[in-house]
Amino acid sequence: MKKVLGLIMLGLLALLFWATVGAATEHIYVRQKVNNFIEKGVLQEELSTTEKRIFFVSSDFKLDDKTYQKVGNNLLPYGPGDILATTRGGFNSQIVRETVEFYVGGHAGLLCGNYYDSNYHITTSNTIETTGFDTTTVAKVYSISTWNNSYYEETFAFRVNTNKENRFKAFLEGVSLLGQPYNFSFVFGIERRKYCSDIVSASYRTLGIDLNYDGLSTTVLDLMVSNQIYMTYYSYYNNDTETKDTYILVDGGEDSELSSTL
């Protein structure tokens, strides 16, 4: 019996070691992505203030859709089917939050397009998300403005390597998942129950696009390091300059007319 318990303990330790190394590697990869992105940022002085700075990052390829929109006085991510993510978790306990953030990441959602039916009135200023901290604990429509608050210390937007039409189809698949209960089991895929990053991965799975990096449960970190996506937006609070810095992927200089009117 002791031998069996010893083997079980050894297996659990090996699993923990594997998970720790994997998570550490994913965090390193995310930082590399961020550094490579912001290195190419060019300050847009006409869009910047003493409290926030806007940087444009020119893409190396032709974009098939814009990547940002003006919501109030802010430039926020745009793109039906694009992925929103943050490294910040939702737990109040610092120990729990930091542990969860290290192993799985923070939170994720799906950017919306324009959609109307008898149940929903959805616009590009909305997101599809699910969270166990919401009182209803079901997938529903949120305002993208919630991603601009100070709670999310970092905000990422990613675009999946497929065409605009497929991304919109993924958004429509996300609409079909609205109302599904939250999946608190996380490691087990349960039919008609989803957690946040599972909403995103399931929306693209129907198109034959696998956003899961390691083949296990789809975590927020899995989405962020997937080789199926590229970064279009990154925003964080810069302690050195005491400004909120936002980096946005643009298609060369085609946004100059838009930026001059903002």
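Residues numbered from 1 in each chain as written. Predicted model: local features only at pLDDT ≥ 70, side-chain atom pairs only at ≥ 80, totals over all residues. Heavy atoms only, no water.

Our focus in this paragraph is the environment of Arg-53. Along the chain, Arg-53 turns up in strand E2 (residues 52–58). Residue Arg-53 is classed as partly exposed on the basis of its relative accessible area of 22%. Along the primary structure Arg-53 and Lys-244 are separated by 191 residues, whereas in three dimensions their C-alpha atoms are 6.2 Å apart. Ignoring sequence-local partners within four residues, the contact set of Arg-53 consists of Leu-43, Ser-48, Asn-238, Thr-241, Thr-243, Lys-244, Asp-245 and Thr-246. At 3.5 Å, the side chain of Arg-53 and the side chain of Thr-243 are in polar contact. (Helix = DSSP H or I, 4+ residues; strand = E, 2+ residues; numbered from the N terminus. Buried < 20%, exposed > 50% of the residue type's maximum accessible area, 1.4 Å probe, protein only. Contact = heavy atoms within 4.5 Å. Polar contact = N/O pair within 3.5 Å; in protein donor to acceptor, adjacent residues only side chain to side chain.)

Counting residues in each nonpolar core, the largest one holds 41 residues, and the members touching the most others are Ile-83, Ile-128, Phe-156, Phe-158, Leu-211 and Tyr-234. Beyond its immediate stretch of four places on either side in the chain, Phe-156 contacts Val-30, Arg-31, Val-34, Ile-83, Leu-84, Ala-85, Thr-86, Thr-87, Met-224, Met-231, Tyr-233 and Tyr-234. (Core = buried A, V, L, I, M, F, W, Y, C linked by side-chain atoms within 4.5 Å.)

The full count for this structure, using the stated rule, is eight aromatic pairs. Taking the centre distance of 4.3 Å and the plane angle of 10° together, the rings of Phe-55 and Tyr-247 count as stacked. Of this pair, Phe-55 sits in strand E2 while Tyr-247 sits in strand E13 (residues 243–250); the two residues are 192 residues apart in sequence, bridging distant segments of the chain. Summarising the burial analysis for this pair, Phe-55 and Tyr-247 share the class buried. Counting every residue linked through ring pairs, the aromatic cluster contains Phe-156, Phe-158, Tyr-234 and Tyr-236. The aromatic ring of Tyr-29 is capped on one face by Lys-33, whose charged end is 5.3 Å from the ring centroid. Over the aromatic face of Tyr-78 sits the side chain of Lys-66, whose NZ or CZ is 4.7 Å from the ring centroid. (Phe/Tyr/Trp six-rings, centres within 6.5 Å; stacked < 30°, edge-to-face > 60°. Lys NZ or Arg CZ within 6 Å of the ring centre and 35° of its normal.)

Below, the discussion takes up the side chain of Ser-201. Relative to the assigned elements, Ser-201 resides in helix H4 (residues 196–205). A relative accessible area of 3% places Ser-201 in the buried class. Within the local environment of Ser-201, its side chain forms a polar contact with the backbone oxygen of Asp-198, the two atoms lying 3.2 Å apart. Those residues in contact with Ser-201 that sit more than four places away from it in its chain are Leu-211 and Thr-218.

Once that is clear, we can look at the confidence of the model for the protein. For the protein, mean pLDDT is 84; residues scoring 70 or higher make up 81% of the total. A low-confidence stretch, residues 253–262 (pLDDT under 50), is modelled with 12 contacts involving residues beyond four sequence positions or located in other chains. (pLDDT = per-residue confidence, 0-100.)

Among the secondary structure elements, Ser-235 is positioned in strand E12 (residues 229–238). Residue Ser-235 is classed as buried on the basis of its relative accessible area of 3%. A polar contact of 2.9 Å, which involves the side chain of Ser-235, links it to the side chain of Thr-246.

This part covers the pattern of salt bridges. For the structure shown, the criterion picks out nine salt bridges. One salt bridge in this structure joins Glu-154 and Arg-31, with 3.0 Å as the shortest N-O distance. In this pair, Glu-154 is assigned in strand E11 (residues 154–160) and Arg-31 in helix H1 (residues 2–39), connecting sequence segments 123 residues apart. The salt bridge involving Asp-245 is made with Arg-53; its shortest N-O contact spans 2.7 Å. Of this pair, Asp-245 sits in strand E13 while Arg-53 sits in strand E2, and the two are 192 residues apart along the sequence. On the basis of relative accessible area, Asp-245 is assigned to the buried category, the value being 0%. Salt bridges sharing common partners tie together Asp-64, Asp-82, Arg-159 and Arg-167. (Salt bridge = Lys/Arg side-chain N within 4 Å of Asp/Glu carboxyl O.)

Attention now moves to helix H3 (residues 164–176). In a regular helix each residue adds 1.5 Å, so 13 residues correspond to 18 Å; H3 covers 19 Å between its end C-alpha atoms and thus fits that length. Within H3 the residues assigned to the buried category are Arg-167, Ala-170, Phe-171, Gly-174 and Val-175. Buried residues of H3, seen end-on, are gathered within an arc of 155° and therefore sit on one face of the element. The backbone nitrogen of Glu-165 lies 3.2 Å from a side-chain oxygen of the residue at the head of H3, namely Asn-163. (Expected span 1.5 Å × (residues − 1). Arc of directions from axis to C-beta.)

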